[in-house]
Every structure is written in structure tokens, then in C-alpha cells.
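If you want the building blocks of each chain, they are given just below.
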Amino acid sequence: MMRSKVLCLVPRATGVCRHMSTATKLTTVAVDDKTGIATLTMNRPPVNGLNLDLLRDLHQSIEEVEGNKSRGLILTSSNPTIFSAGLDILEMYKPDKERIRAFWTALQDVWLALYGSSVPTAAAINGHSPAGGCLLATSCEYRVMLPKFTIGLNETKLGIVAPKWFMSSFLSVLPRREAERALNQGRMFTTEEALKIGLIDEVAISKDQALDKCAQFIGTFAKVNPLARSLTKQQLRAVELQQLENERAQDLERFLFFVNQPAVQKGLGIYLESLKKKAKN
Amino acid sequence: MMRSKVLCLVPRATGVCRHMSTATKLTTVAVDDKTGIATLTMNRPPVNGLNLDLLRDLHQSIEEVEGNKSRGLILTSSNPTIFSAGLDILEMYKPDKERIRAFWTALQDVWLALYGSSVPTAAAINGHSPAGGCLLATSCEYRVMLPKFTIGLNETKLGIVAPKWFMSSFLSVLPRREAERALNQGRMFTTEEALKIGLIDEVAISKDQALDKCAQFIGTFAKVNPLARSLTKQQLRAVELQQLENERAQDLERFLFFVNQPAVQKGLGIYLESLKKKAKN
Amino acid sequence: MMRSKVLCLVPRATGVCRHMSTATKLTTVAVDDKTGIATLTMNRPPVNGLNLDLLRDLHQSIEEVEGNKSRGLILTSSNPTIFSAGLDILEMYKPDKERIRAFWTALQDVWLALYGSSVPTAAAINGHSPAGGCLLATSCEYRVMLPKFTIGLNETKLGIVAPKWFMSSFLSVLPRREAERALNQGRMFTTEEALKIGLIDEVAISKDQALDKCAQFIGTFAKVNPLARSLTKQQLRAVELQQLENERAQDLERFLFFVNQPAVQKGLGIYLESLKKKAKN
């Protein structure tokens, strides 16, 4: 990925922006000179819907941070009210046969790269974070969220089943009983509820404060040996990562089989119609 | 199972009883016309001891609810002070060779059907709930309990080892540390203790209120796609369910070997004697 | 192991010391006549560093308690400020090829014996308890700690990766999210923090009180069938125990490969130098 020193999209009072990738337009990576922390910003208007392009850019950006010796990765959004609205329904509704395969494969890539990242990861959740948005957030090691937003894996409300590895991230954060109930209910948690149950770690009153708190979390690793840390994290997450690695092909086929069910397609169609109406009002 | 429209055994202020199975006498199933929720009542005096007959009726009733498109299943007891006293010791003391096999197999059937049920499940625990009673309660997704009763897996106090799948239900509800300690101690929790540790979800002051709270929990799934919900729940519980499915025969042999140990038989005999004395006083 | 009735090293107001092993000098086992509880004291000045000799003595002492029909095992330290400083770095720095194999094997033996012990186990943590010290404490079923000390698996701070079975003990005590974060950070918890998160169960104001509280915990099993209890505990811990049993040889080779890395040796050298300087001041 090419890099150029340009204006920092996410200027911060406490640091100076060193460099930023501009090879893609849907994500940006800005590394803070002072802290060495990379901020990865999703920037696909209007709602950071995870389509094939955004997923590929996300994957590339995570790999870039992995390779550029950053001290840590903060994931956030350029949108003031949406972290990410989750998977782009348009990729799943009446899908192109080749493209939907690439789409799901890219989603697998993103999760494997983010959940398995060797650098410390934190999410500055500066907006609503349903479904795939919650997946990204719970794949990080720390979560700071702004008030009055919602977060959760609400797949069952959309007539979809979250795959096992979506659940892995969720179950690594919440107690089993709470996780199972929320998954079955497709429950969205308010910021306050999410804090109480442990789905997020802190609340911040602004995006800047959220980024600061994430940086503080990453700062707790300052005196930790990076190699030992990385091997420790990967050992802890090995079971879930290995499971998807071993089942990538079957997982893809399972998804394709499910999404192509007439009932699921019908449900997605109704949901898209409701979104269009909402947009008009 | 035959069905007839008869008087509802469990009349409720908020609904009208639609139908009720009468094919068996040890359990009844009443489906509320308004809510579509089935209430499964155990009715084997004096203590809902889980013998072969009650287990078979329970299995049949759970399957019936599974098949009749109910919105959910509430498990409760017709006894005002006992939810279920657990496995009937008489089935295990000086057992008949064939009958004890059928007994354990029926217990496996009940757990597989209840823990793996596709409909939302809740237990209205209107009395004491030791051992097998606690297994039934923790195999549901939600638990509401009346005050001044006790619940727990107290097998070690009876000189018995709870099989792995008893522990599965328990471990899916409690944190590992608490679950392990309670299992080792054979600890019975009071209603208040159970609420504090998370073994139950709510306390109700009457059976009617407990049934209402269970119905409210089931109501949280009103806007959830039933198929997506069912697949989600089964995916979450697949590991434990599959484990018993794969080991049913070995699990049976393990139980038979254990229960036939002279020390275990002696312990059961002493326990039965103490129960008889208690009954006289 | 030879036994002789000698003065009790750990006299207690509430009991009389029955016997004590003296075959080793680095650990002592004293069984209380009244309670039947064995107190295993680590006694290798200056910091109970776990070298080959202490590990072998620990293993022998745990096996002795296992065999002598004790009602339970309390693990503690003769040092007034250190429970155990963890693995003795001198065993790992520029190691002798044969001795380091024996060292790691002895550590495996200790964990398998303690985590899998059939008797109730409790740790009276009367001093700092980093790394291997925390491993010993979390392998017991109950933890009572004195104020103003610290406990944790701080391996990543030393540039080391805790093996999977170190993590097993830790994960059996703490929620996954907290455990993972602490392991990545190599975090040491104060007594107060450890209590809050659940890493310890109680705080005691003196070693005597800690021993009493441990004895009270072991007393909760007074009315429990010992065989049923032991089988229950082992069934709960079987997965982790079996995993190491199956991988002992690979686990040893993995450790040897890791510890012999030049970067790790260099890190251990620097750490040893810093300890020497500290000792002089």
C-alpha cells in the first residue's frame, strides 16, 4: 500500500500525524508520531455498510498496521452517528454468484486479521454498531463507546443466523448466559446497558475522548515485551481462529446455502423496502 | 399424543386455555390461546420424583410443544413446595436390569429435548429444585423462582457424580469458578443466593407471577425470526448436545457401572431409610 | 517419604500438629489432628523461587497429602512477604541441557498433581505471588490473601509466554475477557484488585487468619462424599489435565525451543542483572 504524508483526517491534540495511507478511499490509516498508534477509520457513507470494497480495504489496512510496527490499532468511523451498520444487505439480496463468494471471503479475512492481530486493538465506537459493526468491535481487545448509541448482534431480528465465529468474538467478551440470551434475542444494547454487562469497557463523551481512552489502553502495554504479548494473545485466541481457518470453505458454502433460501431472500427484500421508506421520511 | 379440550389445569388471568393433553397423567401441557405459550406442568405426587414414567411423559410433552408451533415453553410443577425432587432414588436402588437402562435413556432423551428445544424455554420454579430438578431448570433459557426454596446440583452430598451433561447446563448458566465450587460442594442455594450468583434470573412472589414473568421473557422473542432464533440457539448449544449424542451408549454404561458399586448402593439405601424416617415424623 | 513426629513448624491455636514430613527441607507438610487438614509450606529462602529441587519437593509433598487421607490441602509459604516469586530464572538462564528438562518436567508434575488433586485445596497467599506463584495459587480451589501484596501472571513483562496450562488455571478462575487482558498485559493485581475481580476469594489480616479461612472452606466439604467429590472435580478439570498429559513431550520441546532463543536469553540476563542490583541496594 502506498503512503503519503498528507493532512491527518483525525487530528489529535496530543500527537502529530505522521503518515496516512491514501491508496483506498473507504478506510484511512493514520499513525500518531508520538504514540506510534495507528487509527483506522472506516469511511464509506452513508453508514459504513460492510460491502466487498470496504471489507477489502479494511483487510488491507489491518494488514498494513500489522506490518508497520505500530504500537496498536484503534478502529473508528468517520461518520458522527454510525460506527458501522454491519454487512451491506445489497451484497446479499439477489446476489451475483461470484461477487457474494468474494464478499464472504473478505469478511472472513477481516475477522481473522482483526481478531488475530498481533498488535493491541481497541474500538472507539462513535456511533451505532449493530451486527457486523458489533463483530468488528468485539474482535478488538478494548471498547470505548459514546453515549446514546446501540450495539449488539441483532441477526435473529433480521432472520439471519450469525456464524460461529461472530459468536466467538461475542462469547470472548460476555458471560455465556448473557451472550446466549442476547444472541437469541438479537438484542441491541444501549451504551449504558453495554457498559453494565461488560460488552464495552468505558464510555467517552466525545470521539476525541474515546480515541484518548483507547490510546491509554494501548499504553498499558508499553512495558510489555511485544513478541511475548503477541504469542500470548494468539495462544488465547488460537482455538477460535483455527476453527475458522479449518472450515473456511464449509463456512462459505453454509452461508451461501442459507442466504439463498427463498424465505431469507424474501426477508431481506422486505427489510430493504423498509430502509428505503425510512430514508424517504 | 391425544388432545382434548378440557378444563385448564393452570388457569391464568391473562389468557384463555386452548387445549391440553390428557394422554398422560404425570404431565400436562396447556397452551394459552392469547400468547401461544405452552405451560408444561409436572404432576407426580408427592415430590415430582423423576422416575421412568415421569421422564417418558416429560419427553413426550416437550416433543409435543416442539411440534405444535407454540411460541414458547414454561416448565413448572403442580406441587406447591417442590418443583422436582430430582431422580427417583427407587429407580437406582436395587434396580431391575432392564428398567434402569430405560430410565437413564429416558433421562438422556429429556435433556436432549429440553436443552436443545427450538422454542424459547423458561422455568417457573415454584418449589425446591435439587439435583435433577435443577438440571431441568438450568436446561431452560430463563429461570424465575419463588422465595424460601432451594436449588442446586447436590449430587456429591448423595455420594453420586453428576454426569458431564448435567454439568453442561450448570456451566452454561454460572461462571466456571462458581459452578465448579458449587458442584464439588453439592451446594443448595436459597432463592436469594441463586439470584445473586445468577443461577436464577428473577424472583416472583407467587406461582402466577412466576408464570407471568416467564411469559414476559418469552415475549422478548416476539419480533425475532423463529427459524433464525432456533438455529442460533442450537448452534450455541451444539457442542454439549453433540457430545452426549456421540456418547449415549458409553454414558449409560458409565452410569450403570457407577450405580451398581456396593458403596453407592449402600449410600442410596441409607438415604432411603432417612427419607422414610422423615416421612414418619 | 519418611515421617517423624516433631515440633510443628506451623502451630495453630485451634489444632494440634500430628505429624510432619522432614524428608525434604524445602517443603513441610503438617497435618492437623483435629481437622485432618494438611498444611504444605514452601520454605526455600529467600523468595521460594521454583527451582528443580523445590518443584520436586512440592510434587512429593502433594502426592503425600493425596495418599495420607487428609481432608484437604492448604498451600502457604514460610516467608513473611513472598508466597512464591515464581520459576527460578537461574534454571532458565544459560541452562544445563539435562537439568532444564528435569526442571520443566517437575513443573508439569506439580501442576498435574495440584490442579488434579482429589482433596480440597486452598492457598493461603501470605505474600507476593507473581508468575509461577500465581499458577500454584490458581490451581487450588480457594484463595485467601493478605493485604498489600500482589498476584498475577506477569510473564509477558518478562518476555516469556505462559504455556497453555498456566492459562487453564487462570481461565478457570477469571472471566475470559478479564483473564485475556491480564495475561496480555502481564498484569499484577493488588490484594484489593484481586478480590474485586475474583482472582482471590477472601482477604485475611494475618497468616493465621488466612489459614483459618482456608480451613473453613475445606470444612464446607465435611458432609460431602469424598469419592463423589473427587470424581466430580476431576471430571470438571479433565479437559485441561488431559490436554497436558497428551502433550507433555511437545510442551517440553516448545519450552526448550522458546527459552533457548537468543532474545529470550538476553532478556533473562538483563532481568537477572537488575535483580542483583536491587539486592545490593
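Nothing here was measured: the structure is a model prediction, and the numbers come from that model. (Residues numbered from 1 in each chain as written. Chains lettered and ligands numbered in written order. Predicted model: local features only at pLDDT ≥ 70, side-chain atom pairs only at ≥ 80, totals over all residues. Heavy atoms only, no water.)

K.L.:
Would you mind going over the sheet that holds strand 7 (residues 129-130) of chain A with me for this structure?
P.N.:
To summarise the sheet geometry, strands pair through backbone hydrogen bonds and adopt either a parallel or an antiparallel arrangement. Residues and elements named next belong to chain A. Taken together, three strands build an open sheet; the order of strands is 7-9-10 and the sheet is mixed. Across the chains shown, the open sheet's two edge strands, defined by having one partner strand only, are strand 7 and strand 10 (189-190). Where strand 7 and strand 9 (residues 150-152) come together, two bridges link them in parallel fashion. Within strand 9, the position partnered with Pro 130 by the bridge is Gly 152. (Pairing = 2+ DSSP bridges. Helix = DSSP H or I, 4+ residues; strand = E, 2+ residues; numbered from the N terminus.)

K.L.:
What exactly am I supposed to notice about the interface of chain C and chain A here?
P.N.:
You'll often see interface size given as the accessible area lost when the parts meet. The interface of chain C with chain A comprises 18 residues on the first partner and 23 residues on the second. Buried surface at the junction of chain C and chain A, both sides included, amounts to about 1800 Å², of which 56% is carbon and sulfur. It is C:Arg176, C:Arg177 and C:Asn184 that lose the most area in chain C upon contact with chain A, and together they represent 34% of the buried surface on that side. Between C:Glu180 and A:Arg237 there is a salt bridge, with the nearest N and O atoms lying 2.7 Å from each other. When contributions to the side of chain C that touches chain A are tallied by element, the ones reaching two or more residues are helix 4 (164-171) and helix 5 (176-185) of chain C. Sorting elements by how many residues they give to the side of chain C that touches chain A places helix 5 of chain C first, with seven residues. (Contact = heavy atoms within 4.5 Å. Buried area = accessible area lost by both parts, 1.4 Å probe. Salt bridge = Lys/Arg side-chain N within 4 Å of Asp/Glu carboxyl O.)

K.L.:
Just checking my understanding: could you explain the interface of chain B and chain C for this structure?
P.N.:
In this complex, chain B contributes 18 residues to the contact, which on the side of chain C involves 23 residues. Across the chain B/chain C interface, buried area totals approximately 1800 Å², and carbon plus sulfur atoms make up 55% of it. When residues of chain B are sorted by the area they lose upon contact with chain C, B:Arg176, B:Arg177 and B:Asn184 head the list and together hold 34% of the total. Where chain B touches chain C, the interface holds four salt bridges. Of the charged contacts in the structure, one is a salt bridge between B:Arg176 and C:Glu240, with a shortest N-O distance of 3.1 Å. Counting across the chain B and chain C interface gives 13 residue pairs in polar contact (both at pLDDT 80 or more). Within the residue set of the side of chain B that touches chain C, elements represented by two or more residues are helix 5 (164-171) and helix 6 (176-185) of chain B. Per-element tally for the side of chain B that touches chain C: the top contributor is helix 6 of chain B, with seven residues. Taken together, the residues that form the side of chain B that touches chain C break down as eight nonpolar, four polar and six charged. (Polar contact = N/O pair within 3.5 Å; in protein donor to acceptor, adjacent residues only side chain to side chain. Nonpolar A, V, L, I, M, F, W, Y, C, P; charged D, E, K, R; others polar.)

K.L.:
I'm lost on the relation of the copies chain C and chain A in this one. Help?
P.N.:
Here the second copy of the chain follows from the first by a rotation about an axis and a shift along it. Aligned on chain A, chain C shows an RMSD of 0.0 Å; the corresponding rotation is 120 degrees and the shift along the axis is 0.0 Å. Both chain copies can therefore be described as sitting about a three-fold axis. Taking C-alpha positions as the reference, the residue of chain C nearest the rotation axis is C:Pro175, at 4.2 Å. (Least-squares fit on C-alpha atoms with pLDDT ≥ 70 in both.)

K.L.:
Explanation requested: the environment of A:Asp212 in the structure shown.
P.N.:
Relative to the assigned elements, A:Asp212 resides in helix 7 (residues 207-219). Residues A:Asp212 and A:Val144, 68 residues apart in the sequence, show an inter-C-alpha distance of 9.6 Å.

In short, geometric facts, not functional conclusions.
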